[in-house]
Amino acid sequence: MSRYGGPPGPPSKRGRMDMLSPGEVEMELKKVNDNLPENHIILITVINAIYPINVSTLHKVCRSIGEVDRLVIFEKGTFVQALVEFRTIAHAAEAKKNLHGCDIYNNACTLKVEFARQERLNVKRNDDKTWDFTQTEDFGKVKDEPNIQRKVL
């Protein structure tokens, strides 16, 4: 249980993280760098990520705004963060405007959205934390491994 009476946050490299209070969430949402120029890549910080955040979850949220080319999810401190590369700057700007301060789930997984510094995301494989939607699904998998089918008991 967190110090605010809600469920604990997801495990991280340092153990479980505490939930931020509603006031702390509002303070965190105000910490946006508005000096960064518009970009087709946005940085999403997921506050109070008490549910799993993966490529599928964020793609569902972002594709309603515009076409997503690449997505990378990582942890920074106690937050889950993601870089989302949209096809156009206009879609990234719309995502920033419409998603900032929204919850993915009721009172959980609040999105802080700002423009990223990166000009292009480098994705080496498609998995639950990284995905290049401009490539095929088997992108990044080892091609030389034999496909051995064994009987399952």
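Look up: the structure comes first, before these words.
Predicted, not measured: the structure shown is a model, and the values here were computed from it.

*Asks:* Which parts of the structure should I look at to understand the overall build of the protein?
*Replies:* Looking only at helices and strands, one finds three helices and eight strands in the protein. From first element to last, N terminus to C terminus, the protein shows the α and β order β-β-α-β-α-β-β-α-β-β-β. Relative to its 153 residues, the protein shows a buried fraction of 44%. Across the protein, every contact between residues at least 6 apart in sequence was considered, and the portion connecting residues at least 24 apart equals 65%. Surface exposure of the protein reaches about 9,700 Å², of which carbon and sulfur atoms provide 50%.

*Asks:* I keep staring at the side chain of Asp69 and nothing clicks. Help me out?
*Replies:* Looking at the element boundaries, Asp69 is found in strand S4 (residues 68–76). Accessibility expressed as a relative area gives 8% for Asp69, which makes it buried. Here Arg87 takes part through its side chain, which lies 2.6 Å from a polar atom of the side chain of Asp69. Residues contacting Asp69, with those up to four places away along its chain left out, are Glu85, Phe86, Arg87, Trp131, Asp132, Phe133 and Thr134.

*Asks:* Is there a simple way to think about unusual backbone geometry in this case?
*Replies:* A negative phi angle characterises most non-glycine residues, just as the trans form characterises most peptide bonds. Of note in the backbone geometry, Asn48 takes a positive phi value of approximately 55° without being a glycine. Tracing the sequence through the fold places Asn48 in the loop between strand S3 (41–47) and helix H2 (55–63). When its relative accessible area of 11% is taken as the criterion, Asn48 is described as buried. Here the phi dihedral of Cys109 falls at roughly 55°; this positive angle occurs in a residue that is not glycine.

*Asks:* Got a minute to help me understand the nonpolar core in this structure?
*Replies:* For soluble globular proteins, nonpolar side chains are generally found buried alongside one another. Counting 29 residues, the largest nonpolar core has Ile42, Ile44 and Phe86 as its most contacted members. Broken down by element, the residue count for this core peaks at five residues, all from strand S7 (residues 108–115). In this structure Ile44 touches Cys62, Val80, Gln81, Ala82, Val84, Leu111, Lys112 and Val113, once residues within four positions along its chain are discounted. Ile41, Leu43, Leu83 and Ala116 belong to the second-largest nonpolar core, a separate cluster that totals seven residues.

*Asks:* Quick question: what am I supposed to make of the pattern of salt bridges here?
*Replies:* Side chains that carry opposite charge are capable of pairing whenever their charged atoms lie near each other. Summed over all chains, the structure comprises eight salt bridges. Put simply, Lys31 and Glu28 hold a salt bridge, and the shortest N to O gap is 3.5 Å. By relative accessible area, which is 52% here, Lys31 ends up exposed. Salt-bridge contacts for Glu28 lead to Lys112; the nearest nitrogen and oxygen are separated by 3.1 Å. With a gap of 84 residues between them, Glu28 in helix H1 (residues 22–30) and Lys112 in strand S7 connect regions that are remote in the sequence. Comparing Glu28 with Lys112 shows no difference in burial state: the two are buried.

The rules we used
Residues numbered from 1 in each chain as written. Predicted model: local features only at pLDDT ≥ 70, side-chain atom pairs only at ≥ 80, totals over all residues. Heavy atoms only, no water. Helix = DSSP H or I, 4+ residues; strand = E, 2+ residues; numbered from the N terminus. Buried < 20%, exposed > 50% of the residue type's maximum accessible area, 1.4 Å probe, protein only. Contact = heavy atoms within 4.5 Å. Areas by Shrake-Rupley, 256 points an atom, 1.4 Å probe, with all protein chains shown as cover. Polar contact = N/O pair within 3.5 Å; in protein donor to acceptor, adjacent residues only side chain to side chain. Core = buried A, V, L, I, M, F, W, Y, C linked by side-chain atoms within 4.5 Å. Salt bridge = Lys/Arg side-chain N within 4 Å of Asp/Glu carboxyl O.

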